[in-house]
Amino acid sequence: MRPAFTGASLDGPAYTDVVDLARHSPVWFDDTVSAWSAYGLAVFAVLMLVGWWRARQVGPEAAVTALAVPVVVVAAYAVNSLVKLGVREVRPCRTLRLVTLEACPARTDWSFPSNHAAIAAAAAVALFFVSRRLGAVAAVAAVAMAVSRVWVGAHYPHDVLAGLLLGSVAAFAAMGALQRRPDVPAQWVAATPLRPLLGAPVAGKAAVRGAG
């Protein structure tokens, strides 16, 4: 079996500095960052729901674009997970043996790229195709999620940067392809029991970006 990769040589000192700063920060701040790191992805789900609710009032094509967001996020997560299995980078908390805010995951719970960062970035980029406003909020939240994963000790900085990049590229490619012919999936959904998810029919093409 191929040995696991150790990423400490890339930015181990930067990781150590962040973890040390976290250990010396106020408890209330560490608790807030830890809570965001653990549960913050739920915010992206809420933003997706808001995006869909608003898009369905614009028209079927806007609604189907919003409905595609969670599908794209799951696809980005799947791609990221495959990269994890290929790289097999050991978590920094195991390699450097530091005391971290978050309990250190199992040795075979690989570190590169960060799933949290990839999911957050994919959601942010995909939401830009639904609403610029929601996309901007999600982008800020995605950066905060990436930083929090290093702060709690779960990832190296290069893990979260790679996750942000991979999630962004995957989402942009998928949503860009959808935007070329949004009428096709809209017609398909309209012919299924999922039709109510598209909202009321609107004449003409929906201005998807105008939803925001």
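Residues numbered from 1 in each chain as written. Predicted model: local features only at pLDDT ≥ 70, side-chain atom pairs only at ≥ 80, totals over all residues. Heavy atoms only, no water.

K.L.:
Would you mind going over the pattern of salt bridges in detail, with residue names and values included?
P.N.:
Two side chains that carry opposite charge are able to pair once their charged atoms sit near each other. Considering all chains together, one arrives at three salt bridges under this definition. Across the salt bridge formed by D109 and R91, the nearest N and O atoms sit 3.0 Å from each other. You can see D109 sitting in the loop between α5 (92-95) and α6 (115-128) and its partner R91 sitting in the loop between α4 (60-87) and α5, a full 18 residues away along the chain. For D109, a relative accessible area of 34% corresponds to the partly exposed category. (Salt bridge = Lys/Arg side-chain N within 4 Å of Asp/Glu carboxyl O. Helix = DSSP H or I, 4+ residues; strand = E, 2+ residues; numbered from the N terminus. Buried < 20%, exposed > 50% of the residue type's maximum accessible area, 1.4 Å probe, protein only.)

K.L.:
Which residues make up the nonpolar core, and what values do they have?
P.N.:
Counting residues in each nonpolar core, the largest one holds 41 residues, and the members touching the most others are F44, M48, V69, V73 and M175. Ranked by residue count, the leading element in this core is α6, at 10 residues. With sequence-adjacent residues up to four places away left out, M48 is seen in contact with V69, P70, V73, A123 and L127. Counting residues in hydrophobic clusters, the runner-up holds five residues, among them V33, W151, V152 and A154. (Core = buried A, V, L, I, M, F, W, Y, C linked by side-chain atoms within 4.5 Å. Contact = heavy atoms within 4.5 Å.)

K.L.:
Explain the state of the cysteines to me, and be specific about the residues and the numbers.
P.N.:
A covalent bond between the sulfur atoms of two cysteines is referred to as a disulfide. Scanning the model with the defined rule gives one disulfide in all. Two residues, C93 and C104, share a disulfide whose sulfurs are 2.1 Å apart. Between C93 and C104 the sulfur-sulfur dihedral comes to about 80°; the bridge is accordingly right-handed. One end of the pair, C93, is in helix α5; the other, C104, is in the loop between α5 and α6, with 11 residues separating them in the sequence. Among the residues examined, C104 registers a relative accessible area of 29% and is labelled partly exposed. (Disulfide = S-S within 2.5 Å.)

K.L.:
Requested: an account of helix α2 (residues 27-39), with residues and values cited.
P.N.:
For α2, built from 13 residues, the straight-helix expectation of 18 Å at 1.5 Å per residue is met to within 8% by its first-to-last C-alpha distance of 18 Å. Along α2, the positions that sit buried rather than exposed are D30, V33 and S37. The arc enclosing the buried residues of α2, seen along the axis, measures out at 65°, which places them on a common side. Facing away from the buried side of α2, by more than 90 degrees, are the exposed residues V27, W28 and Y39. Considering only its buried residues, α2 is in contact with α1 (8-23), α6 and α7 (132-151). (Expected span 1.5 Å × (residues − 1). Arc of directions from axis to C-beta.)

K.L.:
Would you mind going over the packing of helix α3 (residues 41-55) against α7 in detail, with residue names and values included?
P.N.:
For the pair α3 and α7, the least separation of the axes is 10 Å and the interaxial angle reads 170°. Taken together, the axis directions place α3 and α7 in an arrangement best described as roughly antiparallel. On α7, the residues touching L41, F44, L47, V50, G51 and R54 of α3 are L134, V137, A138, A141, A142 and M145. When the residues that make up the contact of α3 with α7 are grouped by side-chain class, the tally is 10 nonpolar, one polar and one charged. (Axes fitted to C-alpha atoms, helices over the stretch in contact; angles between N-to-C directions. Parallel < 35°, antiparallel > 145°, perpendicular 65-115°, else oblique. Nonpolar A, V, L, I, M, F, W, Y, C, P; charged D, E, K, R; others polar.)

K.L.:
Could you give an account of the environment of S148, with specific residues and numbers?
P.N.:
Checked against the element boundaries, S148 lands in helix α7. Linking S148 and A117, residues 31 residues apart in sequence, is a C-alpha distance of 9.6 Å. Residue contacts for S148: discarding those within four places in its chain leaves V33, W36 and S37.

K.L.:
Describe unusual backbone geometry, and please don't skip the residues or the numbers.
P.N.:
With an omega of -10°, the peptide bond running from F112 to P113 counts as cis. Its location among the elements puts P113 in the loop between α5 and α6. At R88, a residue that is not glycine, the phi angle is positive and equals roughly 60°. Looking at where R88 falls in the secondary structure, it is placed in the loop between α4 and α5. Despite not being glycine, R97 shows a phi value in the positive range, around 55°. Here R97 lies in the loop between α5 and α6.

K.L.:
Describe the packing of aromatic side chains, listing the residues and the values that go with them.
P.N.:
Enumeration according to the criterion identifies five aromatic pairs in this entry. Judged by centre distance (5.5 Å) and plane angle (80°), the rings of F29 and W151 are edge-to-face. Of this pair, F29 sits in helix α2 while W151 sits in helix α7, placing them 122 residues apart in sequence. Connected via pairs of aromatic rings, a cluster forms that spans W28, F29 and W151. Stacked on the ring of W53, the Lys or Arg R56 has its end atom at 4.7 Å from the ring centre. (Phe/Tyr/Trp six-rings, centres within 6.5 Å; stacked < 30°, edge-to-face > 60°. Lys NZ or Arg CZ within 6 Å of the ring centre and 35° of its normal.)

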